[in-house]
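Examination of the molecular architecture
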Amino acid sequence: VLVIGVVIRILLLPSFKFSADSVEIEAGKTFDAETYITKVKNIDINEINISQNVDVKKTGEYKVTYSYKKIKKTLTVKVVDTVAPVLTPKSDISVFTGEAVMAEMLTEVDDVTECKFELDNRGQDLSVIGEYVVTVSATDLGGNTSKCEVNITVKDPDVTPPIIKGAKNTSIT
């Protein structure tokens, strides 16, 4: 009877498991901590406390803690970025001679994580009036790189002040 009682007690112990000890998710995707809980036994899944700090916009490794009474388990979540940024060149880019040309001002970027930009002016002197084609590259936190070509027009700055004509003194009551 004692053995049967111990076996029944063990069978009634609450427990839960994960689908894996660690998971990998793509940056920008939704992380739902509950979906990784499997094989729940003698527990209402809503009573499992989940403590997490997963930032899906930053690559890295995060620890998610699941606890129920005295049971405490940790799931490792690795946020990865395998998708390259999408670069779209801006149109009608004009700069004045002597104005700094920054890669960030030449394109629109669509990416979940932060990007680092580089400008390849192909050895052209962008301080001289003319039309140029440059290459902009963007590298995200996952190390994925995209490039695009952008047309730039370099002009002389307009330093002539406007002339106002036809202005008359007026009284308004």
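Residues numbered from 1 in each chain as written. Predicted model: local features only at pLDDT ≥ 70, side-chain atom pairs only at ≥ 80, totals over all residues. Heavy atoms only, no water.

**So, the overall build of the chain**
Across its full length, the chain carries 1 helix and 12 strands. Secondary structure elements in the chain, listed N-terminal to C-terminal, are α-β-β-β-β-β-β-β-β-β-β-β-β. Relative to the compact-globule value of 16 Å for 173 residues, the chain shows a C-alpha radius of gyration of 30 Å, a clear excess of over 25%. On the principal axes, the C-alpha backbone points of the chain span a range of 110 × 60 × 20 Å. Across the 173 residues that make up the chain, the buried fraction comes to 29%. In the chain, 51% of the contacts between residues at least 6 apart in sequence involve partners at least 24 apart. When the accessible surface of the chain is totalled, it reaches about 12100 Å², and 52% of it is carbon and sulfur. If you average the places of the 20 positive and of the 25 negative side-chain charges in the chain, the two averages end up 12 Å apart. (Helix = DSSP H or I, 4+ residues; strand = E, 2+ residues; numbered from the N terminus. Rg over C-alpha atoms; globule rule 2.2 N^0.38 Å. Buried < 20%, exposed > 50% of the residue type's maximum accessible area, 1.4 Å probe, protein only. Contact = heavy atoms within 4.5 Å. Areas by Shrake-Rupley, 256 points an atom, 1.4 Å probe, with all protein chains shown as cover. Lys, Arg positive; Asp, Glu negative; His and termini not counted. Charge placed at Lys NZ, Arg CZ, Asp CG, Glu CD.)

**Quick notes on the environment of Glu24**
Counting through the fold element by element, Glu24 comes out in strand S2 (residues 22–26). The exposure class assigned to Glu24 is exposed, which follows from its relative accessible area of 57%. Distance from Glu24 to Ile50, taken between C-alpha atoms, is 18 Å for residues 26 residues apart in sequence. Not counting chain neighbours up to four residues away, the residues in contact with Glu24 comprise Lys78 and Val80.

**Looking at the pattern of salt bridges**
For the structure on display, the rule yields 3 salt bridges. Lys63 is paired through a salt bridge with Glu61; the nearest N and O atoms lie 3.9 Å apart. The closest approach of N and O atoms between Glu149 and Arg122, which form a salt bridge, is 2.5 Å. You can see Glu149 sitting in strand S12 (residues 145–155) and its partner Arg122 sitting in the loop between strand S10 (115–120) and strand S11 (130–140), a full 27 residues away along the chain. (Salt bridge = Lys/Arg side-chain N within 4 Å of Asp/Glu carboxyl O.)

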